[in-house]
Amino acid sequence: MLLSPSRRSRGRAQAAAAKALSLTCLALFCYAAVKDTIGERQAKAVAARAPRAAPAPWFCRGAACPAYTLAAKKPFYEVRTYAAGATWATASVNASSAEVATARALVPLLQFAAGANAARAPIQTGVPTRITVHATPDYHVPDGGAAFDVSMFAAPTDAPLPDPSPDVAVTLDTTTTNTTVYVLQFGGWARTSVALANAARLALAVQRDGLPLRADGSFSLALYDGRRIFQRHNEVWLYAQ
C-alpha cells in the first residue's frame, strides 16, 4: 500500500523527533554520569585535603581512650605526650597493693558511672583504668601501705561531666596542660610486684637516656583489658618533670 506524501512527511517527522528524543536522553544520561564522576572526584579531593584524625591505638580495642602523640620510640619504652582536656574520675584509697586498692576504689567509681551523679545518668567510660601508685623513690610500697589513686577515663562528650553525688567518694579532674609520660608495655596479669619492678626498670632506662623524670617514686599502672583473660595489655607510666 502506498502512502500519501502527507503521511510520508508525518512519518519522517515522527522518526526525526524520536531520534532527537533519543539523543537528548543519551545526552542527559551522559551529563548525569559525568556530573556524578566529577562530584565523586571533587569529594575525594576534598577528603584528601582534610586533616585526618589519628587512628586510636590497637590496644584501646574500639573503646574511647585519651589522645596522645608519640614523641619518641626507644628500644625499651615510648615517650608519649598526652593532650590536655582528658577527664578522669578518681577514687583515692590507702592500701597494701594495687589489687586491694582497685577492689576498694571500683565500688564508688562504678556507682558514679552507673548514675550516682548530679544528672542521675550513666557515664560513658573508656580505657585505661589508671592506678597511680605513690610509692617510695626506689619504687617500693612500704609495709604500712601507700596511697593509690584509681581513675577511670571518661569518654569525651559535648557537655561537662555531672558532679558525683555527695555520698560517693569520687573526684573529677580534667588535665589543663599536655602531659609527657614514659611508657613501658607488658602483658599478662599486672600484679603489684610486676608493676613495681617494671617501674624501676623503666626509671633506669629513662635516667640512662638523660631525660627528665619525676623523682618522688610515683607512677601509674594503666590497665586496658580488665575483662580479658588472655592477650592482656598493660602499661607503666612514669612522668617527666
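Residues numbered from 1 in each chain as written. Predicted model: local features only at pLDDT ≥ 70, side-chain atom pairs only at ≥ 80, totals over all residues. Heavy atoms only, no water.

Some thoughts on helix α2 (residues 98-114)
- Its 17 residues place the ends of α2 23 Å apart at the C-alpha level, agreeing with the 24 Å of an ideal helix rising 1.5 Å per residue.
- Of all the bends in α2, the largest measures some 35° and sits at Leu106, one to four residues before the proline Pro108.
- On its buried face, α2 sits against β3 (87-95), β4 (125-134), β5 (146-154), β6 (171-174) and α3 (192-208). (Helix = DSSP H or I, 4+ residues; strand = E, 2+ residues; numbered from the N terminus. Expected span 1.5 Å × (residues − 1). Bend = angle between axes of the 7 residues up to and from the residue. Contact = heavy atoms within 4.5 Å.)

Description of the state of the cysteines
- Considering all chains together, one arrives at one disulfide under this definition.
- The disulfide bridge from Cys60 ends at Cys65, spanning 2.2 Å between sulfur atoms. Handedness here is read from the sign of the S-S torsion; for Cys60 and Cys65, about 100°, the answer is right-handed.
- The exposure class of Cys65 is buried, given its relative accessible area of 17%. (Disulfide = S-S within 2.5 Å. Buried < 20%, exposed > 50% of the residue type's maximum accessible area, 1.4 Å probe, protein only.)

Concerning the sheet that holds β5
- Spatial strand order, β1-β2-β7-β9-β8-β4-β5-β3-β6: nine strands in an open sheet with antiparallel pairing. Looking at the sheet topology across the chains shown, the edges are occupied by β1 (68-73) and β6. Geometrically, the sheet is characterised by an average inter-axis angle of 30° between neighbouring strands, direction not taken into account.
- Summarising the sheet, strand β2 (residues 78-82) and strand β7 (residues 179-186) pair through five bridges and their orientation is antiparallel. Looking across to β7, one finds that Arg80 is bridged to Val181. (Pairing = 2+ DSSP bridges. Axes fitted to C-alpha atoms, helices over the stretch in contact; angles between N-to-C directions.)

What to know about the pattern of salt bridges
- Counting across every chain of the model gives four salt bridges.
- The closest approach of N and O atoms between Asp225 and Arg61, which form a salt bridge, is 2.7 Å. Of the two residues, Asp225 is situated in the loop between β8 (218-223) and β9 (234-239) and Arg61 in the loop between α1 (5-49) and β1; the sequence distance between them amounts to 164 residues.
- Residue classification places Asp225 among the buried residues on the basis of a relative accessible area of 5%.
- The class for Arg61 is partly exposed, based on a relative accessible area of 36%.
- Note that Lys73 is salt-bridged to Glu78, the shortest N-O span being 3.0 Å.
- Overall, the relative accessible area of 59% leaves Lys73 in the exposed class. (Salt bridge = Lys/Arg side-chain N within 4 Å of Asp/Glu carboxyl O.)

Concerning the confidence of the model for the protein
- Counting all residues, the mean pLDDT for the protein is 84, and 78% of those residues have values of 70 or more.
- Taken as a whole, residues 17-53 scores under 50 in pLDDT and shows one contact with residues more than four places along the chain or in a different chain. (pLDDT = per-residue confidence, 0-100.)

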